[in-house]
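# Survey of secondary and tertiary structure
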Amino acid sequence: MLKELMAAEAMRIRITNGKVPPPVQVCALAQKHSGGGFVGCQHDRTTTDGRPPLCRLRPVNRSCPPHCNCLKEVERQGRLVNPWTDMEKCIFLDQFLLFPKDFGRIARALANKSVRDCVAFYYDSKATIDYKAVLREHVSRRRGGRAAWSATVAAAKCVGATVVFGEEGEQPRLVLPSQVC
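Keep in mind that this is a model prediction, so the values were computed, not measured.

The interhelical angle for the contact between helix α7 (residues 131-142) and helix α8 (residues 150-158), taken along N-to-C directions, is 125°, at an axis separation of 8 Å. As judged from the angle between their axes, α7 and α8 are oblique. Crossing handedness for the pair α7 and α8: left-handed. Contact with α7, carried on its side by Ala133, Val134, Glu137 and Arg141, involves Ser150, Ala151, Thr152 and Ala155 of α8 and no other residues of that element. Residues of the contact of α7 with α8, tallied by class, amount to four nonpolar, two polar and two charged.

Have a look at this one:
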């Protein structure tokens, strides 16, 4: 045990003096996609095929070239296979208000979407749709209160619905997109 402590202290001193690079820590995702043989530094990007990424010379904030082998581009291409229509987004929002965060029940209402798709859409759209505020307004209206419509109108516009305002004091009317799922 003393030997291990002395070796760890010697390694710490070498790292702080700059003679040895720090040990590489590999996440589970990198091990999965590279077969456990991933070796690199912090500037490397994990790829799906174990080869160097095609976007390795680009800055991280720039988009990848077509048919890149990095995980970011593979995930983006996967989303293009089954994109969300405006009608599906409206159904998702409606079902979310009925069953908050119960993505299994929400997915059952959407014929072409899985639970994983619903979870991904929720977290992707969370930056543009304030789900907590919309849910608060919805619950307040269900209980008979006079809640504002601001968050609901903003969410409806984000998912592709059209909002028609009536006379003063009248509820706004939400018109669904004309697409059929």
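Below, the discussion takes up unusual backbone geometry. In this structure, Lys101 is a non-glycine residue whose phi angle is positive, near 60°. By the secondary structure assignment, Lys101 is in the loop between α4 (86-98) and α5 (103-109). Accessibility expressed as a relative area gives 45% for Lys101, which makes it partly exposed.

Those residues of α8 lying buried are Ala151, Thr152, Val153, Ala155 and Ala156. Remark: Gly160 follows α8 within two positions and exhibits a positive phi of approximately 105°.

Further remarks concern a nonpolar patch on the surface. On the surface, Met1, Leu2, Leu5 and Met6 cluster together to form a nonpolar patch covering roughly 520 Å² of accessible area. Tracing the chain through its elements places Met6 in helix α1 (residues 2-17).

One pass over the structure, following the stated rule, counts two salt bridges. For Lys89, the salt bridge goes to Asp86, with nearest N and O atoms at 3.9 Å. Pair noted here: Lys89 and Asp86 are both in helix α4, with a separation of three residues, about one helical turn. Under the relative-accessibility criterion, Asp86 is labelled partly exposed at 29%. Of the charged contacts in the structure, one is a salt bridge between Glu88 and Lys113, with a shortest N-O distance of 3.8 Å. Residue Glu88 is found in helix α4, and its partner Lys113 is found in the loop between α5 and α6 (115-125); the two are separated by 25 residues along the sequence. Lys113 matches Glu88 in its accessibility class, with the two residues each being buried.

A separate point is the environment of Lys72. Among the secondary structure elements, Lys72 is positioned in helix α3 (residues 71-81). Sequence separation of Lys72 and Thr47 is 25 residues, and the distance between their C-alpha atoms is 8.9 Å.

Here we come to the packing of aromatic side chains. Taken as a whole and assessed by the stated rule, the structure comprises ten aromatic pairs. Taken together, a centroid distance of 5.5 Å and an interplanar angle of 25° make the contact between Phe96 and Tyr122 stacked. With a gap of 26 residues between them, Phe96 in helix α4 and Tyr122 in helix α6 connect regions that are remote in the sequence. Summarising the burial analysis for this pair, Phe96 and Tyr122 share the class buried. Aromatic pair Phe103 and Tyr122: ring centres 5.4 Å apart, planes at 55°, arrangement tilted. Separated by 19 residues along the polypeptide, Phe103 in helix α5 and Tyr122 in helix α6 bring together distant segments of the chain. The class of Tyr122 is buried, set by a relative accessible area of 5%. One aromatic cluster is present, built from ring pairs that chain together Trp84, Phe92, Phe96, Phe103, Phe121, Tyr122, Tyr123 and Tyr131.

The rules behind each value
Residues numbered from 1 in each chain as written. Predicted model: local features only at pLDDT ≥ 70, side-chain atom pairs only at ≥ 80, totals over all residues. Heavy atoms only, no water. Axes fitted to C-alpha atoms, helices over the stretch in contact; angles between N-to-C directions. Helix = DSSP H or I, 4+ residues; strand = E, 2+ residues; numbered from the N terminus. Parallel < 35°, antiparallel > 145°, perpendicular 65-115°, else oblique. Left-handed = near helix turned anticlockwise from the far one by under 90°. Contact = heavy atoms within 4.5 Å. Nonpolar A, V, L, I, M, F, W, Y, C, P; charged D, E, K, R; others polar. Buried < 20%, exposed > 50% of the residue type's maximum accessible area, 1.4 Å probe, protein only. Patch = residues over 30% accessible without salt bridge, like charges linked within 9 Å, V, L, I, M, F, W, Y side chains within 5 Å. Areas by Shrake-Rupley, 256 points an atom, 1.4 Å probe, with all protein chains shown as cover. Salt bridge = Lys/Arg side-chain N within 4 Å of Asp/Glu carboxyl O. Phe/Tyr/Trp six-rings, centres within 6.5 Å; stacked < 30°, edge-to-face > 60°.

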